[in-house]
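The chain contents come next:
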Amino acid sequence: MCSTVESDWLKNARIVKSPNCDERPDNVEISLIVIHGISLPPGEYGGNYIDDFFTNRLDPGIHPYFQKITDLKVSSHLLIRRNGDLIQYVPFSRRAWHAGISCYEGCEACNDFSIGIELEGQDDEPYTDRQYIQLEKVIPLLRTLFPAISGKAVVGHNTIAPGRKTDPGAAFDWSRLARLISSDSTNI
């Protein structure tokens, strides 16, 4: 259970610090959660490739796909593995580089005011029960820490970068997530 935060880090998450982050702009309130999907290589799960990618240690010689992404500098605040394990890469007070060119309700540069949650998976494969259960714990905690995150301010990467991104994809069950966190305030 991830019930507490200490110094900007979830106490029950494994910490893998990413250098791919920076300071948020002054006077910006965290008001959005962005859900992503990732698997490295695509369609494969487990291993340390996501950790390596977010820490700039991905070996391009291991897989042809890695050659395409090895020079990218990206991160996320959290990753929820298929078995429910939780990894944190960036402290919440800092800006993780997860959204790219993005816009939410007329506000561009979503990295400035969002928290990124990666789910190990892909657009066309259902996410696991353990991932939804972990989201059920993490999202209310984040809303407690950052009250500006309203019920509707939990979106997919595809929502803030339409035409450029498709994750978490059609396999992500938004209705299920809304039911799981419905006691937390308003619906998604």
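Here, the structure is the one placed above.
Side note on helix α3 (residues 129–145)
Given 3.6 residues per helical turn, the α-helix brings residues three or four places apart onto the same face. With 17 residues, α3 extends 25 Å between its outermost C-alpha atoms, agreeing within 8% with the 24 Å of an ideal straight helix rising 1.5 Å per residue. For α3, the complete set of buried residues consists of Gln131, Tyr132, Gln134, Leu135, Val138, Ile139, Leu141, Leu142 and Arg143.

Side note on the nonpolar core
Counting residues in each nonpolar core, the largest one holds 34 residues, and the members touching the most others are Leu32, Ile117, Leu135 and Leu142. When contributions to this core are tallied by element, the ones reaching two or more residues are β5 (32–38), β6 (78–80), β11 (114–120), α3 and β12 (154–156). With 6 residues, α3 is the largest single contributor of residues to this core. Not counting residues within four places of it along the chain, the set of residues in contact with leucine 142 comprises Ile33, Phe92, Ile115, Ile117 and Ile149. Grouped together as the second largest cluster of nonpolar side chains are 15 residues, Cys21, Leu40, Ile87 and Tyr89 included.

Some words on the packing of aromatic side chains
The tally for this structure, following the rule as stated, stands at 7 aromatic pairs. An aromatic cluster is present here, built from Tyr127, Tyr132, Phe172 and Trp174 joined pairwise through their rings. When the ring centre of tyrosine 45 is taken as reference, the NZ or CZ atom of arginine 82 above it lies at 4.4 Å.

The rules behind these values
Residues numbered from 1 in each chain as written. Predicted model: local features only at pLDDT ≥ 70, side-chain atom pairs only at ≥ 80, totals over all residues. Heavy atoms only, no water. Helix = DSSP H or I, 4+ residues; strand = E, 2+ residues; numbered from the N terminus. Expected span 1.5 Å × (residues − 1). Buried < 20%, exposed > 50% of the residue type's maximum accessible area, 1.4 Å probe, protein only. Core = buried A, V, L, I, M, F, W, Y, C linked by side-chain atoms within 4.5 Å. Contact = heavy atoms within 4.5 Å. Phe/Tyr/Trp six-rings, centres within 6.5 Å; stacked < 30°, edge-to-face > 60°. Lys NZ or Arg CZ within 6 Å of the ring centre and 35° of its normal.

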